[in-house]
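Geometric and topological summary
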Amino acid sequence: MSTPAGVLRFLHVIENLKRTKRTGWVDNKIGDAESISDHMHRMGVLALLINDKSLDRTKCIKMAIVHDLAESIAGDITPHSGVSKEEKFRLEKEGMDEVVRHLDSSPEALEIRSLWTEYEEATTEEALYVKDLDKFEMIVQAFEYEKRHNMKLDTFYASTEGKFRHPTVRKWVEELYREREQLHADLK
Ligand code: ZN
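The rules behind these values
- Residue indices follow the written sequence of each chain, beginning from 1 at its first position.
- With pLDDT at 70 or above as the cut-off, local features in this predicted model cover only qualifying residues; side-chain atom pairs require 80 or more to be listed or tallied, and sums for whole chains, interfaces and linings still use all residues.
- As a rule here, side-chain values come from all non-hydrogen atoms in the structure, and water together with hydrogens is ignored.
- Think of it this way: any DSSP run of H or I at least four residues long counts as a helix, any run of E at least two long counts as a strand, and we number them from the N terminus.
- Residue burial is assigned from relative accessible area. The probe radius is 1.4 Å, only protein chains are included, and a residue is buried under 20% of its type maximum, exposed over 50%, and partly exposed in between.
- Any two residues whose heavy atoms approach within 4.5 Å at even a single point are treated as in contact.
- Here a donor is an N, O or S atom found within 2.8 Å of the metal, or within 3.2 Å if the metal is Na, K or Ca; sites may look incomplete because water is not among the atoms.
- For a four-donor site, all angles between 85 and 135 degrees give tetrahedral; for four or six donors, opposite pairs above 155 degrees with the remaining angles between 65 and 115 give square planar or octahedral; all remaining cases count as irregular.

This part takes up the side chain of E118. Structurally, E118 is set in helix 8 (residues 107–121). E118 sits in the buried class, given a relative accessible area of 14%. In this structure E118 touches K59, M63, T123, T124, E126 and A127, once residues within four positions along its chain are discounted.

See the structure below:
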């Protein structure tokens with residue numbers, strides 16, 4: 001078990017996730033950009049909607065709420081940040097190791113790191129499903145900003161197009177595309 005001081009250290013570090021606005025939105029000059037925590041929370045809620053017996057639902061929920069935890073230390077590095085994929089992974093891996101140290105390397109801390117690693121390696125069905133949720137949550141958010149600010153955020157859709165694997169998520173994506181088409185037809 002982590003010590004009370006360790007738990008507090010950990011909470012103070014992950015507070016960064018509440019204060020860090022996601023880079024993709026900031027780069028697009030969105031004033032009311034959501035935080036990394038906002039994004040992970042809605043993914044966790046989305047993971048609750050899993051209706052696929054072949055997936056470990058609890059694991060997906062846990063993975064969703066920790067998958068960006070390393071960003072509390074490494075920051076939100078995007079493909080446009082000028083940092084290579086390898087360097088990004090290295091920085092985030094170091095971040096996760098630091099998180100584990102803050103929590104006194106307790107079994108719970110090791111579980112958090114193992115969930116994060118599984119997500120990053122994307123070799124299990126659960127990790128691939130949560131990766132789908134990550135992209136889907138992002139384009140839903142993009143749609144909400146488009147609607148609120150009367151703008152177009154095409155690059156977010158282009159970067160995820162054709163990359164969704166799970167049939168349920170694909171159906172959600174199709175519906176979102178329909179709603180988006182309607183929105184932009186109405187705006188014209
Ligand atoms: Zn994410």
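So that's the structure; there's more coming.
Attention now moves to unusual backbone geometry. One non-glycine residue with positive phi stands out, namely D104, at about 60°. With respect to the helices and strands, D104 occurs in the loop between helix 7 (85–102) and helix 8. Positive phi, normally seen in glycine, also occurs at N150, with a value near 50°. Along the chain, the position of N150 falls in the loop between helix 9 (125–149) and helix 10 (154–158).

Here we take up the coordination of the zinc ion. Within the protein, the atoms that donate to the zinc ion are H39 (NE2), H67 (NE2), D68 (OD) and D134 (OD), at distances of 2.1 to 2.3 Å. Considering all four donor atoms around the zinc ion, angles at the metal cover 80 to 176° and the coordination shape is irregular. Taken in chain order, the donor set of the zinc ion reads H-x27-H-D-x65-D. Taken together, the residues span a long stretch of sequence, with H39 in helix 4 (residues 36–47) and D134 in helix 9 at a distance of 95 residues. On the basis of relative accessibility, which here comes to 0%, the residue H39 falls in the buried class.

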